[in-house]
Protein chains: 2
Amino acid sequence: RFDRMGAGGPLFIDVTWHPAGDPGSDKETSSMIIANTAVNYCGLETILHMTCCNQTKDDITGHLQKAKRLGLKNIMALRGDPAGEEWEEEVDGFNYAVDLVKHIRNEFDDYFDICVAGYPKGHPEAESYEADLRHLKEKVFAGADFIITQLFFQPQTFLKFMKDCQAIGITCPIIPGIFPIQGYHSLRQLVKLSKLEVPQEIKDVIEPIKDNDAAIRNYGVELAVSMCRELLDSGMVHGLHFYTLNREVATTEVLKRLGIWKEDPRRPLPWAVSAHPKRRVEDVRPIFWASRPKSYIYRTQEWDDFPNGRWGNSSSPAFGELKDYYLFYLKSKSPREELLKMWGEELTGEESVFEVFTCYITGEPNRNGYKVTCMPWNDDPLATETNLLKDQLEKVNRRGILTINSQPNINGKPSTDPIVGWGPSGGYVFQKAYLEFFTSSEIVTALLKVLKKYELRVNYHIVNVKGQNITNAPDLQPNAVTWGIFPGREIIQPTVVDPVSFLSWKDEAFALWIEQWAKLYEEESPSRMIIQYIHDNYYLVNLVDNDFPLENCLWQVVEDTFELLN
Amino acid sequence: RFDRMGAGGPLFIDVTWHPAGDPGSDKETSSMIIANTAVNYCGLETILHMTCCNQTKDDITGHLQKAKRLGLKNIMALRGDPAGEEWEEEVDGFNYAVDLVKHIRNEFDDYFDICVAGYPKGHPEAESYEADLRHLKEKVFAGADFIITQLFFQPQTFLKFMKDCQAIGITCPIIPGIFPIQGYHSLRQLVKLSKLEVPQEIKDVIEPIKDNDAAIRNYGVELAVSMCRELLDSGMVHGLHFYTLNREVATTEVLKRLGIWKEDPRRPLPWAVSAHPKRRVEDVRPIFWASRPKSYIYRTQEWDDFPNGRWGNSSSPAFGELKDYYLFYLKSKSPREELLKMWGEELTGEESVFEVFTCYITGEPNRNGYKVTCMPWNDDPLATETNLLKDQLEKVNRRGILTINSQPNINGKPSTDPIVGWGPSGGYVFQKAYLEFFTSSEIVTALLKVLKKYELRVNYHIVNVKGQNITNAPDLQPNAVTWGIFPGREIIQPTVVDPVSFLSWKDEAFALWIEQWAKLYEEESPSRMIIQYIHDNYYLVNLVDNDFPLENCLWQVVEDTFELLN
């Protein structure tokens, strides 16, 4: 969902904070970890909401420290709802959002951008509209950088509020909160929660169609578009904030109709760039984790510097040891039963493993009728780009070249190419053909003979689980396999085959056989022993065809190898 | 000569030290500055000879400090010839080469590699051959890293010497000094100086042909080749040192016949890489100094870091102010009369300047019958590569687009291409078309209108002497205009158009009009005023065509500009 919503090019997204749901914990569904995912894995600038009432100073400081550690830069400072029915002030406690704003500025100086909430109709609990404006001013003067408003139903409501703010000296940006009505019940609930009143003219339209979801949605979009137009046309509004309630359709539709949805969002790099402040300069990664970007970010989260421009063999930072907890953290998210259906309840030999790989490539159901939509080395179904190689990949997997990563060669396609393009427009992107696979020692022996013929053209790294390593890479230097040339810029080379980090990847790649696959089966079971055998005896191989302007020769290398074996 | 001799790929070259010739001074012909040129401008690893007798400790330390500052890493430690006829020991002075070796190790630790001289027949002043071997051992044990021998005439002389050295525990490398006889008189003089005896069988051949230079040279080459073969075949010799007496023909011939002359020396980068230890990582430079590399090295000699992999707009180090002494140092080496013949005794208008530029491009003589072989912005005659653009350049210079730098676009030529190739073999090199010129404000006005049509394709920087700067470069980022893709390596982008350093180059480029050209003429003279007018009113323009796979559009840009002006 983040990826789909992010495709429209939002300036930032919000993650709300529910004190009852353990929002600062390490659970995958906690506010903190969801914001972490948005920033680090999806590259979305994120505002983490945070409430302060009924919490200790230490708790709050702990949350903020954790947020900072994860690379979050923005906090929406809120009071939060009282624990009971009635609001009671705590002496020396956090009673208002302004207390949280002050605390953040005291403890973290200017590190965080702070947003606060504005109420165009006044906060329901405020003594008056004017008194609420004064509270807002206090929040801003305590150090908030900008304001997002509660939802409202009429543009005049916002415009009047904005003028009133300015009149009392609030000069920071104020972003209107837009709520596209998406259904009768969600509207009723929201209104109840926010203690807002729906204007009579809107009620008049909605009541008669309240059982017609589609009609209400259409009306909601219509209303939002016309409100946004009026706000933007006023010249006072420079951004819109949408209350999506985690649903993307209505907001996307409104943005498209307003003409501010990015139709062709350019990928700045071929992989998702992290929004972590430390990682912003990062523009080179090893190709090995291409299908496991989350794992790569996790393993490099402690790095102080990220490669910028070049990887450099001496500068490649250490990946550290592959710890058990790490593999545990990165275990497959799919339930065991599902994995067994995909990868086989019972394996009868190495060939059953070949079959699983082949089904993953082709998208065809396996012998039990289940599609193989993920593999231990690939979080997602096969990428569009790799599909360019589908027929070839299918052929070699059937015969025991168990591919886990590949890319075709590209000799200067426009950077706007819908499949392989990335980076600013007007540029050209290039790739060297890449193929990475597990295979038996028998095939490796033949492959090495064949590679002699391709010595000057193909670079290879061949390693087994014990770390026996065969390579022709010159001086262990990285090989750039994806690069782009753009108007008015330096060359960007976002993907490299780096011999040093390959050995770290090797540990992970072999461990995944056991952690994700072998452990699905009983100890000592034949299925488990088959995977264990592969883990102990197969080699992990990567091949690069350096001659990118010519036809990819790696398939010929594999073909020659099979021929030699016959 | 360095470039021609360097083409054979020597491990290092030697620069001798003549105490009488002020060898440590800043004169252009001093040993120190010649070694500096070899290392920094020609990229040749260099051994600077240094003698010690009749010199104070402070003098010697001063020389060594200066050598270190200039990036010299290797010293040949010698005693030197006595001041008078007879040798007198100085108490506490430097009396032997070993004193210098000790001094270098004491004062500079391991910074310098130290070479000492070995005498295969014993030093002429030594008490005995054995005593001389003991002196050599002292020098080695005092810290010398290797030995180069005095010349000798028979391979057995060297092989015996080497065994004798080993027998008394000298285990460092010993490189035989080879002297290809190049003429009767030079041989006689050398023999007199070195107090060596020429074997009878050589005398027997030479005496009868002593007036036939060619015959002696051929014999000398023949003799050297057969001696080198025998030395190399012995398996004890891993390198040869040639006494060239600054003449390259005989040595080149010997090396070619031995098969150890590098036939196709690969340029590691498109510009000459400096051998300065600090500069070894340097692999990006702005294109502006392409025809004035010496100036670039001079202006950046104080830098502590050199760009490696990327230039980076924030990291581009400061060039510092353009000082008068700097321009003075970099004045043309040609005498005033010669420059006047090339650039005109008397200018009659801007058109006479256009003519000079045009003659430089075409290689045709000017109206007074003299060829224009250099310009203030170009140390050398036009490069082979630029000649690809000769016809176009001629046309535009005639009309007042006064070009000082240009390169054609290249879309993936093999790195072994004899004209544009560089870097390891098996790679591909690329360029964006580049054009840099001075031109009048009238032409600039038209050019800017034309450039609107090319906004997305062409990057430009247009600046006058006052620093008024017009550009469409995004965020003042550098634009890579030369790059190479090689097997098993990261991308190399050795040349960039960097907007920040362009302004430093601008100061130099405008100053050269005055320093090198205007000042040839009397103050207040019409010729001088013409150059001064150009300096004050013209613009310096650079254009990059980002669309390197298409036909270079820069000529069309200029054509369109002229059309608009008509």
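Residues numbered from 1 in each chain as written. Chains lettered and ligands numbered in written order. Predicted model: local features only at pLDDT ≥ 70, side-chain atom pairs only at ≥ 80, totals over all residues. Heavy atoms only, no water.

An unreviewed UniProt entry annotates chain A as Methylenetetrahydrofolate reductase (NADPH) of Certhia familiaris. Database annotation for chain A, UniProt heading Sequence similarities (unreviewed entry): "Belongs to the methylenetetrahydrofolate reductase family." Within the UniProt record for chain A, the comment given under Cofactor (unreviewed entry) is "FAD". (UniProt positions renumbered as here; feature names shortened; annotations may be inferred.)

### A few points about the state of the cysteines
Covalently bonding the sulfur atom of one cysteine to the sulfur atom of another cysteine gives a disulfide. Residues and elements named next belong to chain B. Taken as a whole, this structure holds 0 disulfides over all chains when the rule is applied. No disulfide involves Cys172; its sulfur sits 8.0 Å from the nearest other cysteine sulfur, which is in Cys165. With relative accessibility at 14%, the residue Cys172 sits in the buried group. (Disulfide = S-S within 2.5 Å. Buried < 20%, exposed > 50% of the residue type's maximum accessible area, 1.4 Å probe, protein only.)

### A closer look at the packing of helix α6 (residues 155–167) of chain A against helix α9 (residues 213–233) of chain A
Residues and elements named next belong to chain A. One way to put it is that α6 packs onto α9 with a least axis distance of 9 Å and a crossing angle of 30 degrees. As far as their axial angle goes, α9 and α6 are roughly parallel. The interaxial crossing formed by α6 with α9 has right-handed handedness. In contact with Pro155, Gln156, Phe158 and Leu159 of α6, α9 contributes Met227, Glu230 and Leu231. (Axes fitted to C-alpha atoms, helices over the stretch in contact; angles between N-to-C directions. Helix = DSSP H or I, 4+ residues; strand = E, 2+ residues; numbered from the N terminus. Parallel < 35°, antiparallel > 145°, perpendicular 65-115°, else oblique. Left-handed = near helix turned anticlockwise from the far one by under 90°. Contact = heavy atoms within 4.5 Å.)

### A look at the sheet that holds strand β17 (residues 539–545) of chain B
Residues and elements named next belong to chain B. In spatial order, the strands read β9-β12-β17-β13-β14; together these 5 strands make up an open sheet with antiparallel pairing. Both outer strands of the open sheet, β9 (402–407) and β14 (469–471), are each paired with one neighbouring strand and no more. Shown here is a sheet whose adjacent strand axes are inclined to one another by a mean of 10 degrees, direction ignored. Of the strand pairs in this sheet, strand β13 (residues 458–464) and β14 are connected by 3 bridges, and their pairing is antiparallel. From the neighbouring strand, His461 faces β14, where its bridge partner is Thr471. (Pairing = 2+ DSSP bridges.)

### Here we look at the side chain of Gln182 of chain B
Residue and element names in this part refer to chain B. For Gln182, the location among the structural elements is in the loop between β6 (174–178) and α7 (184–194). Looking at Gln182, its side chain comes within polar contact range of the main-chain oxygen of Thr244, at 3.3 Å. If near-sequence neighbours (up to four positions away) are discounted, Gln182 is found in contact with Ile216, Arg217, Tyr243, Thr244, Arg247 and Ala250. (Polar contact = N/O pair within 3.5 Å; in protein donor to acceptor, adjacent residues only side chain to side chain.)

### Observations concerning the relation of the copies chain B and chain A
Once chain B has been moved 0.0 Å along the axis and rotated by 179 degrees, it coincides with chain A to within an RMSD of 0.1 Å. Read as a symmetry element, the transformation amounts to a two-fold axis. Minimal C-alpha distance to the rotation axis in chain B is attained by Gly309 of chain B, lying at 3.1 Å. Taken together, the interface assignments show that 100% of the residues at the interface of chain B recur at the interface of chain A, consistent with an identical surface on both copies. (Least-squares fit on C-alpha atoms with pLDDT ≥ 70 in both.)

### Side note on the pattern of salt bridges
Under the counting rule described, the total for this entry stands at 40 salt bridges over all chains. Between Arg279 of chain A and Glu282 of chain A there is a salt bridge, and its shortest N-O distance comes to 3.0 Å. Take Arg279 of chain A and Glu282 of chain A: they sit in the same class, and that class is buried. Where Lys278 of chain B meets Asp304 of chain B, a salt bridge forms, and the shortest distance between an N and an O atom there is 3.8 Å. (Salt bridge = Lys/Arg side-chain N within 4 Å of Asp/Glu carboxyl O.)

### Some details on the pairing of strand β5 (residues 146–151) of chain A
Residue and element names in this part refer to chain A. The element β5 is extensively covered by neighbouring structure, given that 6 of its 6 residues are classed as buried. Sheet topology places strand β4 (residues 113–118) next to β5; 4 bridges connect them, and they run parallel. Residue pairing in the sheet places Gly118 in a bridge with Thr149 of β5. With helix α5 (residues 129–141) bridging β4 and the parallel β5, this β-α-β connection has right-handed handedness. Note: β5 against strand β6 (residues 174–178), 3 bridges, orientation parallel. Opposite Leu151, over in β6, you have Gly177 as the bridge partner. (Right-handed = clockwise from strand over helix to strand, strands pointing away.)

### A word on the packing of aromatic side chains
Residues and elements named next belong to chain A. Summed over all chains, the structure comprises 59 aromatic pairs over all chains. Aromatic side chains Trp377 and Phe438 sit 5.3 Å apart centroid to centroid with 50 degrees between the ring planes, which places their arrangement in the tilted category. With Trp377 in the loop between α14 (350–362) and α15 (390–398) and Phe438 in strand β12 (residues 433–439), the pair connects residues that are 61 residues apart, well separated along the chain. Residue class for Phe438 comes out buried when judged on its relative accessible area of 0%. Ring geometry for Phe438 against Trp513: centres 5.2 Å apart, planes inclined by 70 degrees, an arrangement best described as edge-to-face. Within this pair, whereas Phe438 is found in strand β12, its partner Trp513 is found in helix α17 (residues 499–517), the two being separated by 75 residues in sequence. By relative accessible area, which is 0% here, Trp513 ends up buried. (Phe/Tyr/Trp six-rings, centres within 6.5 Å; stacked < 30°, edge-to-face > 60°.)

### Topic: the interface of chain B and chain A
Across the contact, 32 residues belong to chain B and 32 residues belong to chain A. Both sides together, the interface formed by chain B and chain A hides about 2600 Å², and carbon and sulfur atoms give 51% of it. Where chain B touches chain A, the interface holds 2 salt bridges. Close ionic contact of Arg310 of chain A with Asp283 of chain B constitutes a salt bridge, the shortest N to O distance being 3.2 Å. Where chain B packs against chain A, one counts 25 residue pairs in polar contact (both at pLDDT 80 or more). At the level of secondary structure, the elements contributing two or more residues to the side of chain B that touches chain A comprise β11 (428–431), β15 (479–485) and β16 (492–497) of chain B. Among the elements that take part in the side of chain B that touches chain A, β15 of chain B stands out by supplying 4 residues, more than any other. When grouped by side-chain class, the residues that make up the side of chain B that touches chain A number 16 nonpolar, 9 polar and 7 charged. (Buried area = accessible area lost by both parts, 1.4 Å probe. Nonpolar A, V, L, I, M, F, W, Y, C, P; charged D, E, K, R; others polar.)

### Focus on the domain arrangement of chain A
As far as domains go, chain A holds domain 1 (1–180 + 238–244) and domain 2 (285–301 + 336–565). Using only C-alpha atoms to locate each centre, domain 1 of chain A and domain 2 of chain A end up separated by 44 Å. (Domains from an automatic or database assignment.)

### Description of the environment of Asn74 of chain A
Residues and elements named next belong to chain A. With respect to the helices and strands, Asn74 occurs in strand β3 (residues 74–78). Given a relative accessible area of 9%, Asn74 falls into the buried group. Taking the C-alpha atoms as reference points, Asn74 and Thr46, separated by 28 residues in sequence, lie 6.6 Å from one another. Among all residues touching Asn74, those that are not within four sequence positions of it are Glu45, Thr46, Ile47, Leu48, Phe112 and Asp113. Looking at Asn74, its side chain comes within polar contact range of the side chain of Glu45, at 3.0 Å. Side-chain polar atoms of Asn74 contact the backbone oxygen of Thr46, separated by 2.8 Å.

### Considerations on the sheet that holds strand β2 (residues 46–51) of chain A
Sheet strands pair via backbone hydrogen bonds, and the direction of the pair is either parallel or antiparallel. Residues and elements named next belong to chain A. Reading across from one edge, β1-β2-β3-β4-β5-β6-β7 is the order of the 7 strands in this open sheet, with parallel pairing throughout. A single partner strand is all that each edge strand has here, and the edge strands are β1 (13–15) and β7 (241–242). Pairing of β6 with β7 involves 2 bridges; the strand directions are parallel. Within the sheet, the bridge partner assigned to Gly177 lies in β7 and is His241.

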